[in-house]
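Given next are the chains, with one letter for each unit.
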Amino acid sequence: MSLPDEVDVVVIGAGPAGLAAATMLASAARVLVLDRESAAGGIPRHCGHFPFGLREFRRLMRGPDYARALVARAEASGVRIETAVNVVRLHPGPRVTVTSDKGLHEIRARLVLLATGVRETSRAQRLIGGEKPGGVLATGALQGLVYLEGRRPFRRPVILGTELVSFSAIMTCLHAGIRPVAMIEPNRSITARWPASIYPWLKRVPVHLSTRIRRIEGHEHVERVVLEGPRGESILDTDGVIVTGRFRPEATLLDASHLERDPATGGPVVDNFGRCTDPSYFAAGNMLRPVETAGWSWAEGVAIGKAMRAGLEGKLPDGERHRVRLVGDAIDWVLPHAVLAHDGAALGRFQMRVSRPVSGRLSLRVAGSEYASRRISSRPERRITLPLPPRDGPLEIVLEER
């Protein structure tokens with residue numbers, strides 16, 4: 001079937017956020033969802049383990065079942081989904097240029113939603129030295145091999161990282177009969193919150209804290225890794241390395257676009273309705289930040305889908321958006337980047353992360369007056385929130401460390 005020349009809304013990305021927004025919009029608009037993968041559903045499609053679906057379907061589901069349910073719900077509501085279509089250019093208007101097996105094509109729309117998700121930081125981006133044998137995978141690639149192709153790429157790998165996705169890697173390994181020999185964490189403590197942090201202990205996977213992988217060695221396949229930890233260098237025999245976490249938004253599309261990019265996250269700059277700097281473009285889900293759960297992304301997709309529907313009806317507020325200023329070098333990033341005070345915003349709270357373990361007092365100031373505050377003791381990759389103010393004015397988020 002050929003692609004249309006014009007629709008009301010183009011959604012780029014068929015993961016939880018994109019499908020949730022598309023479903024929310026379908027009763028009021030012609031909605032076309034595009035995804036470069038061969039099947040819709042996003043990352044959960046690769047995750048054969050629990051827990052998915054409690055917030056969306058009120059039951060525990062495995063990732064592939066959850067992805068299929070999201071797709072079925074969207075299609076039942078009237079959403080058109082086209083896979084194996086790669087969006088290569090965003091234009092003002094808005095319109096998008098796409099490629100598929102039918103060649104180049106342009107699609108005009110009234111609104112466009114960016115929901116292209118995230119990707120993990122690679123071995124090369126982490127500057128891990130050594131040789132380049134086979135058997136070094138990101139979590140997503142491992143899950144694709146195990147759950148979609150039924151393959152077992154190694155038998156006793158090490159896992160680099162202790163974020164939530166790192167424990168998903170353990171579950172994927174155990175499902176395939178793979179026995180991880182260690183988790184390697186450069187920081188002094190496990191990144192994921194309790195109770196996930198006790199999972200390696202329950203599965204008898206040793207955790208090496210304050211340790212980094214200096215080199216990966218092997219010829220055709222990984223044979224060992226050289227570690228640098230509190231007691232100096234050591235060698236660990238292994239046949240694979242799973243490089244987990246340190247997500248970055250999949251925002252390649254922004255490179256040649258007219259949309260402003262947040263240098264801290266790599267994603268687009270948005271206001272509290274999910275609007276980009278061109279208000280005919282919106283963004284939702286992990287395209288905005290690294291990284292949130294499928295359930296959080298789905299809820300955000302629903303909220304921004306409602307904002308887009310209001311936009312189609314001419315009911316979104318307009319006016320001066322106040323940029324948020326961050327005070328304190330430990331605050332890594334914040335969302336939304338700009339705020340227009342109005343009831344019914346899609347992003348009802350500021351969300352932020354820190355770049356290192358910190359403790360202190362976090363406050364929000366509006367035009368110099370404190371509106372909200374809280375004590376925090378947090379680590380990188382953990383969600384921190386503050387309420388959005390109900391009034392306009394210059395905004396500052398201040399972290400005073402103790």
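Position numbers for residues start from 1 in each chain and track the written sequence from start to end. Two thresholds apply to this predicted model, a pLDDT of at least 70 for residue-level local features and 80 or more for giving and counting side-chain atom pairs, whereas whole-chain, interface and lining totals are computed over all residues. To get the side-chain values, all heavy atoms of the structure are used, and hydrogens and water are removed first.

### Here's the deal with the packing of helix α4 (residues 139-148) against helix α5 (residues 164-175)
What counts, and what does not: Geometry is summarised by axes, namely lines fitted to C-alpha atoms with helices restricted to the contacting stretch, and by angles between N-to-C directions that run from 0 to 180 degrees. For the purposes of this entry, the term helix denotes a DSSP run of H or I that reaches at least four residues, the term strand denotes a run of E that reaches at least two, and both are numbered from the N terminus. In this scheme, roughly parallel covers angles under 35 degrees and roughly antiparallel covers those over 145, while 65 to 115 is roughly perpendicular and the rest are oblique. Here a crossing is taken to be left-handed if its near helix is turned anticlockwise relative to the far helix by less than a right angle, and right-handed if that turn runs clockwise. Note on contacts: a residue pair is in contact if any heavy atoms of the two residues lie within 4.5 Å.
Between α4 and α5, the shortest axis-to-axis distance is 10 Å and the interhelical angle comes to 25°. Relative to α5, the element α4 is oriented roughly parallel. Crossing hand, α4 versus α5: left-handed. Of α5, the residues touching α4 (which contributes Thr139, Leu142, Gln143, Val146 and Tyr147) are Val165, Ser168, Ala169, Met171, Thr172, Cys173 and His175.

### What about the layout of surface pockets?
Defined as follows: A 1.4 Å probe that fits but cannot get out identifies a cavity on a 1 Å grid over protein atoms alone, an open set with protein on both sides within 12 Å along at least five of seven lines counts as a pocket, and a residue lines either if it has an atom within 4 Å of a point. Grid points are joined across faces, edges and corners, and a volume is the space filled by probe spheres set on the points. Lys, Arg, Asp and Glu make up the charged group, whereas Ala, Val, Leu, Ile, Met, Phe, Trp, Tyr, Cys and Pro make up the nonpolar group; the residues left over, Gly among them, are polar.
Considered as a void within the structure, the second largest pocket measures approximately 500 Å³ in volume. Contributing to the lining of the second largest pocket are 25 residues, with Asn187, Arg246, Ser355, Pro380 and Glu381 lying nearest its centre. Those elements that provide at least two residues to the lining of the second largest pocket are β21 (331-335) and β23 (349-354). A per-class count over the lining of the second largest pocket returns 8 nonpolar, 7 polar and 10 charged.

### A word on the nonpolar core
In globular proteins that are soluble, nonpolar side chains generally tend to be buried together. Going by this rule: Nonpolar cores are built from buried Ala, Val, Leu, Ile, Met, Phe, Trp, Tyr and Cys residues. Side-chain atoms within 4.5 Å join them into one set. Exposure is judged per residue with a 1.4 Å probe applied to protein chains only, and the accessible area is read against the type maximum: over 50% gives exposed, under 20% gives buried, and values in between give partly exposed.
Ranked by internal contacts, the top residues of the largest apolar core, which has 70 residues, are Leu90, Val96 and Leu114. Looking at which element gives the most residues to this core, the answer is helix α7 (residues 294-312), with 8 residues. Leu114 has contacts with Ile12, Leu90, Leu254, Leu259, Cys276, Tyr281, Phe282, Ala283, Ala284 and Met287, leaving out every residue within four places of it along the chain. With 20 residues, the next largest nonpolar core counts Leu137, Val146, Ala192 and Ile242 among its residues.

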